[in-house]
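# Breakdown of the fold
Here is what each chain is made of, one letter per residue.
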Amino acid sequence: MKLKLLPSSFEPDGAASQRQHLTCFLINGKVAVDAGSLAMAVTDEERASVRDIVITHAHLDHIAGLPLFLDDQFSELTEPVRIHATAEVVRVLERDVFNWSVYPRFSELENDHG
């Protein structure tokens with residue numbers, strides 16, 4: 001198993017900083033655990049491969065990149081991105097983020113692929 005911490009802050013030369021403010025781990029390049037820096041730090045190959053995201057809890061440092069990650073690729077998705085979380089976390093995401101005021105509820109939308 002390959003576990004990778006996605007960086008959330010960078011030095012002026014582009015290298016990952018020791019200061020990490022957001023949380024996101026990738027397992028085997030396919031499963032994200034939390035999504036703090038998911039949209040900002042994945043490679044194009046990882047972005048195309050991640051279709052399962054486990055959200056441990058709804059603090060901002062664990063969900064910040066989730067809306068951007070979904071939005072970046074929504075029009076090209078041929079299969080859904082599956083969010084794995086407790087019912088309480090899903091309620092918070094739907095009430096406070098994917099509420100049509102901050103971001104659309106992607107689960108209610110369709111793209112050209114179905």
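Our subject is the structure listed above.
Now for a description of the structure that goes with this document.

Conventions and cut-offs
- In this numbering scheme, every chain counts its residues from 1 along its sequence in written order.
- Only residues with pLDDT of 70 or above have their local features reported here, since the model is predicted, and side-chain atom pairs are shown and tallied only from 80 upward, although totals for entire chains, interfaces and linings are computed over all residues.
- For side-chain calculations, the full set of non-hydrogen atoms in the structure is used, while hydrogens and water are omitted.
- Stacked, edge-to-face and tilted labels apply to pairs of Phe, Tyr and Trp rings (six-membered ring for Trp) whose centres lie within 6.5 Å, assigned for plane angles under 30 degrees, over 60, and everything in between, in that order.
- Per-residue accessibility, obtained with a 1.4 Å probe over protein chains only, is compared with the maximum for each type, and a residue is labelled buried under 20%, exposed over 50%, and partly exposed between these values.
- Only DSSP runs of H or I with at least four residues qualify as helices, and only runs of E with at least two residues qualify as strands; both kinds are numbered from the N terminus onward.
- Nitrogen and oxygen atoms within 3.5 Å of one another constitute a polar contact, given that in protein one can donate a hydrogen and the other can accept it, and given that sequence-neighbouring residues count only through two side-chain atoms.
- Contact definition: two residues touch when any of their heavy atoms are within 4.5 Å.
- Between any two strands, pairing holds if DSSP finds at least two bridges.
- Every axis corresponds to a line fitted to the C-alpha atoms, with the helix fit spanning only the stretch in contact, and the corresponding angles, defined between N-to-C directions, vary from 0 to 180 degrees.
- Salt bridge, as applied in this entry: a Lys or Arg side-chain nitrogen positioned within 4 Å of an Asp or Glu carboxyl oxygen.
- In this description, one arc is meant: the one made by directions from the helix axis to the C-beta atoms.

In total, this model carries three aromatic pairs according to the counting rule given. Taken together, a centroid distance of 6.1 Å and an interplanar angle of 65 degrees make the contact between Phe-98 and Phe-106 edge-to-face. For the pair shown, Phe-98 and Phe-106 are each scored as buried. Seen from their ring centres, Tyr-103 and Phe-106 are 6.3 Å apart, and the 45 degrees between their planes marks the pair as tilted. Taken individually, Tyr-103 and Phe-106 each receive the classification buried, so the pair is uniform in this respect. In textbook terms, an aromatic cluster arises when at least three aromatic residues are bridged by ring pairs, as seen for Phe-74, Phe-98, Tyr-103 and Phe-106.

This next bit is on the side chain of Asp-34. By secondary structure assignment, the location of Asp-34 is in the loop between β3 (31–33) and α1 (38–41). At 2.8 Å, the side chain of Asp-34 forms a polar contact with the backbone nitrogen of Thr-56. A polar contact is formed between the side chain of Asp-34 and the side chain of His-62, at a distance of 2.7 Å. Sequence-distant contacts of Asp-34, defined by excluding residues within four places in its chain, comprise Thr-23, Cys-24, Ile-53, Val-54, Ile-55, Thr-56, His-57 and His-62.

On the basis of which strands lie adjacent, the open sheet formed by five strands has the order β1-β2-β3-β4-β5 and mixed pairing. Strand pairing shows two members of the sheet lacking a second neighbour, β1 (3–5) and β5 (82–84), which therefore form its edges. Averaged over all neighbouring strand pairs, the angle between strand axes comes to 20 degrees, with direction disregarded. With three bridges joining them, strand β4 (residues 52–54) and β5 adopt parallel strand pairing.

Turning to the pattern of salt bridges, a few remarks are in order. For side chains of opposite charge, pairing can occur when their charged atoms come near one another. Taken as a whole and judged by the stated rule, the model has six salt bridges. Close ionic contact of Lys-4 with Glu-46 constitutes a salt bridge, the shortest N to O distance being 2.8 Å. Residue Lys-4 is found in strand β1, and its partner Glu-46 is found in helix α2 (residues 44–49); the two are separated by 42 residues along the sequence. Lys-4 gets classed as partly exposed once you look at its relative accessible area, which sits at 26%. The exposure class of Glu-46 is buried, given its relative accessible area of 10%. Taking the shortest distance from any N to any O, the salt bridge between Arg-105 and Glu-108 comes out at 3.6 Å. Here the residues in one salt-bridge network are Asp-52, Glu-79 and Arg-82, joined through shared partners.

It is worth spelling out helix α4 (residues 66–73) at this point. Residues of α4 that are buried include every one of Leu-66, Pro-67, Phe-69, Leu-70 and Gln-73, and no others. Buried positions in α4, seen along its axis, are confined to an arc of 165 degrees and lie on one side of it.

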